[in-house]
Structure formats: C-alpha cells, structure tokens
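One letter stands for each residue in the lines below.
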Amino acid sequence: MAFALVCQRTTTARYFGCIRSRPLRFHVASSVAQRRTFLNIFRKKKTEDTKEPPEPIPLLSEDDLFHPYSRSPFPEVRAKGQTISSMAPCPVCASGNSHTHEHNHEKPKVKNVSFECPDCGWPTHCSEEHWKADKEHEKYCSRLREANEDEHDLRSGRRMPEFELPGIKLFHPKYTCYSRVRTGPQGYEEAISFANWDVFWYTRGYNSMDSERSRRHASKLLTYPMTIGSVLHQHSSLMLNNQRLTPEGSRSMAAIRSTLHTEPGAPETHEASVGKPQVRIFILGARGESSLPPHVWEQLGFLFPAANFHLFFIGPQVALPRERQNTTPSPVNNDSTSTEPETPASDSTSDKISGDPTSSKEIPDTESTQIEAKKPLYTPNVYTPQTPAAIPPLKWTRSSLTRYGVPSYTTPYSYQMSLSGLQVDNYADVHPLFEETLDPYSDVFFFFAPGFGFPSPSYKDEAGQPVLQISSPTEWGPVLPMLLASKCPIFVTGFSPADVERDVRSLSTAPGVAGEFEWVVTPGPNPFGSEKWEVADFDPRIMVKTNWGIWAIRGKSRDIQERSFFSSLFSNN
Ligand SMILES: [Zn+2]
Ligand SMILES: [Zn+2]
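First, a word on what this report is: a plain description of the structure on this page. (Residues numbered from 1 in each chain as written. Chains lettered and ligands numbered in written order. Predicted model: local features only at pLDDT ≥ 70, side-chain atom pairs only at ≥ 80, totals over all residues. Heavy atoms only, no water.)

A few points about the nonpolar core
So, step 1. Residues Phe200, Leu232, Ile281, Trp297 and Phe491 are the most contacted members of the largest nonpolar core, which totals 56 residues.
So, step 2. With 8 residues, helix α8 (residues 212–232) is the single largest residue contributor to this core.
So, step 3. Look past the residues within four positions of Trp297 in its chain and what remains in contact with it is Tyr224, Pro225, Ile228, Ile283, Glu289, Leu292, Leu311, Phe313, Met417 and Leu419.
So, step 4. With 32 residues, the next largest nonpolar core counts Tyr427, Leu480, Cys488 and Ala510 among its residues. (Core = buried A, V, L, I, M, F, W, Y, C linked by side-chain atoms within 4.5 Å. Buried < 20%, exposed > 50% of the residue type's maximum accessible area, 1.4 Å probe, protein only. Helix = DSSP H or I, 4+ residues; strand = E, 2+ residues; numbered from the N terminus. Contact = heavy atoms within 4.5 Å.)

Considerations on helix α9 (residues 247–260)
So, step 1. Between the first and last C-alpha of α9 there are 20 Å, a value that for 14 residues agrees with the 20 Å anticipated at 1.5 Å per step.
So, step 2. Turning to α9, its buried residues number three or more, namely Gly249, Ser252, Met253, Ala255, Ile256, Arg257, Thr259 and Leu260. (Expected span 1.5 Å × (residues − 1).)

Quick notes on the coordination of the zinc ion (ligand 1)
So, step 1. The coordination sphere of the zinc ion (ligand 1) contains the protein donors Cys90 (SG), Cys93 (SG), Cys126 (SG) and His130 (ND1), at a distance range of 1.9 to 2.3 Å.
So, step 2. Taken together, the 4 donor atoms coordinating the zinc ion (ligand 1) and their angles of 100 to 116° define a geometry best described as tetrahedral.
So, step 3. Every donor residue of the zinc ion (ligand 1) comes from the same chain, spaced as C-x2-C-x32-C-x3-H. Of this pair, Cys90 sits in the loop between α3 (75–87) and α4 (91–95) while Cys126 is found in the loop between β2 (123–125) and α5 (128–133), placing the two residues 36 residues apart along the sequence. (Donors = N, O, S within 2.8 Å, 3.2 Å for Na, K, Ca; no water. Tetrahedral: all angles 85-135°; square planar, octahedral: opposite > 155°, others 65-115°.)

Some remarks on the sheet that holds strand β17 (residues 549–555)
So, step 1. As summarised here, the arrangement of the 9 strands in space is β7-β8-β9-β6-β5-β10-β13-β17-β14, forming an open sheet in which the pairing is mixed. Strands at the two margins of the open sheet, each flanked by one partner only, are β7 (398–399) and β14 (517–525).
So, step 2. Against the sheet, α9 contacts β5 (279–284), β6 (309–315), β10 (443–448), β13 (490–494), β14 and β17, and its axis sits at roughly 90° relative to β14.
So, step 3. Relative to strand β9 (residues 417–423), helix α10 (residues 294–302) is tilted by about 125°, and along the sheet it contacts β5, β6, β8 (408–414) and β9. (Pairing = 2+ DSSP bridges. Axes fitted to C-alpha atoms, helices over the stretch in contact; angles between N-to-C directions.)

This is how it looks when you write it as structure tokens:
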C-alpha cells in the first residue's frame, strides 16, 4: 500500500501501543473498570475496585519535553531516531541528484540523516554542513519540534485528562478508589454540536483541552470514532446548506439516521432502540483503528443513545486478539490459554480465542504491559507496514472463525456496541456473508485513507504498468462495485488535500465505479481529523494528518433510468 498511508496508519498503531504501555496503563484499567460497572448490574462483587493503579509520577516536567532523539530518556524514542537515521536520506545530498529540490550541489553519494537539528531534535541531515546549507528545513522545523515534544509528553507519565473519556470510570490518585463516574451516553435533552472539536468536546462533556498539545493528543485518539459519529449524526456539520451534503446524499443520510435516532420529539433513550435493526459499520482495510481500545470506540455509541452498533474491521491487517497471533508459548505470559497453538482447529476449540468462557478470572491489566514487552521498541512507518500488535482480548471476546470462515473475533463490548475483526486478504472474499442483508437504512462503509489512487504494489497491467489500487484485482478492484450495488453510503477519508484529490480522481478511471456512483458528501476537510502531524520515518519532510479530509458516495439509483425506459415503452405504444 501507499507509503503515506502506511505512515499514518502505523504511527497510529504505535501511538495506541503507547497508550497501552506503562506510563498510561491506567487507561486500560479504565476500560476494564468500565466493564465492571456494567457487570455490577449482575453481581455485587466490589473487590476489583480496591485494586489501585499506582499513582503516576511524572518522569518529565512540562518544560522539559524537548530532547534530541538520540539523547531521549525513553528507549522507544531513541529507537525511533535510529530508525529514521537508517532510512531517511539527507535532503541536501539527495537534491544533488534528485528531482525534488532546486539545490544544485555536485553529485555526491546520498548519505542518510545522522545529524540532529538542535532546534527540533530530529535527525534531519547527514552533517552539520548540510543542515546549515538547507534553507528549506526551517519550513518543517517547528512542526518537527512540536512532534518531538508530543512524543515525550505522551511518555512523560503525567496524568492525561485529555484521555479521560466520558463514561469511563476514573481512577484518581487523590482518592482511595475509583470514585467518579462521568456521564456515558449523551442525555437526550443535551444537543451535541459537531461544528468542530472544541464545541464537540464542550457539548459532549469532555475535559477541557487546555493546550494545543492536549488537542492534538485527544483529536488523534478520537478521530476514527468521531469522524464516523460526526457524519452519521443528525447534527452533522456536513449539510445541504454548506454544500457538503448533496440532495441525493441527504436522502441516504435520512435513511440511516431514521435507524440511528428517534422520531423528532421522541426522547433518545436506549429503550427507543428496541425493535430497530443494529447499525453495522464496516471499516474496510482497517489497520491501526482495529487496535483502538474498545472504550474509545464506545464513545461513538454514546452519541446515539437510541441505536445499537456492530463494528466490523475487515482487511488483511486487522488486529486480532493476542492468542491467535502467538504461535509459540511466551515466557513472559502466565496465562495458560495463550499457549494454544495458532492453527485454528475446525471444532469448538477455535472458539476459545480468549480463554475459557466459563472462567470467572478477570484479565489482569498487567497483560497489556506484557504484550508491550514482546514488541520491538519501535516499529518504523515504512513501505510495508506491519499489522498492528495483537489486541488484549476481553472476557467476552470469542473467535468468529466458524461464523465468518476467516480468522476473526467478536467482542460484545457493551449493551449497545459489539466489535468484530475479520482478517482477510480482500473484503470481496467475505462479501457474500453480508451481501443479502446489506441495507442502506442500517449499513454504512468507511475507508480510512484507502489509497485508491496509489499504484498497486502487486498488480500490473499487460504493459507492465502498475494499476491503481481502486482497479486492482488484488486491492479494491472487486470491492467498490459490490458496495455500490448495495446502495449503502461509502465514506472515504484522506490524509491531505493531495491524497483526497488522488483518490477522487481515481474514481473516474475504475471499471464498475466510473459512472456508477452518486455523491453523498462532497470532498473537503473533515472537522474531526487528527490535528497531529504524522511524520514519515523515511523522510521527515513528509507530514500528513490522519483523516484530514472526507467524502462519500453511493451506488447510482437506477430509478430514473428505469422510469425513462418504461416511459419510452409507453410513448411508443
Ligand atoms: Zn547531506
Ligand atoms: Zn530542525
């Protein structure tokens, strides 16, 4: 897949890996705790609440966040610096014999970056001389410095209110127990605004984001669920009167919103969801988003108290629960179920993704750190991205192999949200499972930076030229025509204006897509994109923002053509 896509996806995965890692561990504990809240309806057990995560002791103070990568106090950050040095060519050397720059140096051998800019701390050039010679670097330097400080802030060990989400039971070191439960589902009398992150956070009751840094962290954490929520919600800021929604799109959205919401005037309560179909959100080509902690996805459900959701992550790089990916017993893992071999058996043992369903054993939150221990210090964001690390299974997580025929799981996470992940080379392979039941009133597709307009790395045409991924049989070629036939809305994000444009242009070249779709949402900025710059390890001058833009299409309605066909019949008579 395309490099920039890779860049943003894998950094997302890495980042959330970081969230699960040690300094921020209590967030995982939060999700477990939240689960227990739900559980407590059925049993009175209270002992878990007495288990306190250790009080966070900040390792770095707010004014000590800048460190050159090679001298960072955090091994992961030092590893990142080494990765960049091993991959990124010096831009000044490269300008001597590449087309990208107007510098006219002699043609030296292109050396990798090893000199760290003292202002941003990133390895940016091969030497101090080339750093001094580069007049372009100052364009990037302040953003790189910001990214450097953000990396250190995430690991600083400070309490991070920006990650304390509504509905999550919080641990406060000051108190002796989990002592505060913030509102979960939105009260039906409280209107949420989706104009931008700020009013959204305010109207939804998030902690106030006191700094740009907090905004960047929180927007990156929430961009996937809130991009979905903000376009589907009846108060979406993508509307007819700002020309982001088309008249056809308006009809599509009215259909699905009739399932997501109640009739005007009727209270939006969970009781109102009785008898309504589950809303299925299919996220195709999912990577990092499939390893987001479930309590982050739950934020999406909270926006729609009268709806039930089933999220499907489908693609070759969907994160599966830990056991399925561990082929050998791990010395650091004491959980006996994890020693099961990877080979999925054809019988019920394969349903034991997460251990004995009858066991009352809680999953200790230390597991997340054990998982971290097995991962490399830093995973580069390179051309061939890795599948996100295995996700910690929850007690209710089950294999869905027998249901979907591919490595998969389902977690019924809360009363209104289930999550499934299907690891499959191509969505087309599992489409028949859903085809008959797809319904524009309850089903919607999302593609997060799918790279439609990038050349396929694996498929070439007869002339030996790479085919665009939107048309390639090994990528999206067979997929989009299937989805258009369903008439369900198809949302697509891109990480920059150029990325959005590239994907949109590719629509007109793809057989079975060109001329077969109608616009639902016109291409443009996504108010709920991440505000954090993602920097490519192989070239720190390349920076993108996850979900910067959004657009949507659906299969062309045949009504008009059919009508004209019939009317021509009658007129001939
Ligand atoms: Zn150089
Ligand atoms: Zn710099």
